[in-house]
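Structure assessment
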Amino acid sequence: MATWEELDSTTQEDLTEWLNIVNPDEEDLQRLADLHEAGQFYAVDCGGCGDRIRRGHPDNWDHFQGVRDDEGGGELCSDCYGEYRKLAAFVEDV
Ligand SMILES: [Zn+2]
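Since the structure is predicted, the reported quantities are computational estimates derived from the model, not experimental observations. (Residues numbered from 1 in each chain as written. Predicted model: local features only at pLDDT ≥ 70, side-chain atom pairs only at ≥ 80, totals over all residues.)

1. Examining the environment of Ala88
By secondary structure assignment, the location of Ala88 is in helix 3 (residues 78–93). Residue class for Ala88 comes out exposed when judged on the 10 C-beta atoms lying within 10 Å of it. Along the primary structure Ala88 and Val67 are separated by 21 residues, whereas in three dimensions their C-alpha atoms are 29 Å apart. (Helix = DSSP H or I, 4+ residues; strand = E, 2+ residues; numbered from the N terminus. Buried ≥ 20, exposed ≤ 12 C-beta atoms within 10 Å, placed from the backbone.)

Listed below in structure tokens is the structure:
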């Protein structure tokens, strides 16, 4: 089982940014490490604007209430995905 300290700094930053808690305690951090190890968290750069996209899929959301989960689609952030949807709708109408 991976511990928090074993994660690289980029992953740690992605996880804490996503968790959105000012001073996460050890338990919070271990939950994040577990989530990451379970493959239930990922982060990529948006294919449109390059912003960081962070998404988690915990089985139990009880400890992840205030997360900043990106609501876009695929590898697009919510903003770019919204634009993409508008464009797609426009194209379909023609
Ligand atoms: Zn974007």
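2. Notes on the pairing of strand 2 (residues 52–56)
Of the pairings in the sheet, the one linking strand 1 (residues 41–45) to strand 2 comprises five bridges and is antiparallel in character. Its bridge partner being in strand 2, Ala43 is matched across the sheet by Arg54. (Pairing = 2+ DSSP bridges.)

3. Some details on the packing of helix 1 (residues 9–19) against helix 2 (residues 26–37)
Between helix 1 and helix 2, whose axes approach to 10 Å, the crossing angle comes to 115°. Here helix 2 runs roughly perpendicular to helix 1, going by the angle between their axes. For the pair helix 1 and helix 2, the crossing hand works out as right-handed. Contacts between helix 1 and helix 2 involve Thr11, Leu15 and Leu19 on the former and, on the latter, Asp28, Leu32 and His36. Considered class by class, the residues forming the contact of helix 1 with helix 2 number three nonpolar, two polar and one charged. (Axes fitted to C-alpha atoms, helices over the stretch in contact; angles between N-to-C directions. Parallel < 35°, antiparallel > 145°, perpendicular 65-115°, else oblique. Left-handed = near helix turned anticlockwise from the far one by under 90°. Contact = placed C-beta atoms within 7 Å. Nonpolar A, V, L, I, M, F, W, Y, C, P; charged D, E, K, R; others polar.)

4. A word on unusual backbone geometry
A positive phi is found at Asn20, a non-glycine position, where the angle reads about 65°. One can find Asn20 in the loop between helix 1 and helix 2.

Function cannot be inferred from these measures alone, as they are strictly geometric.
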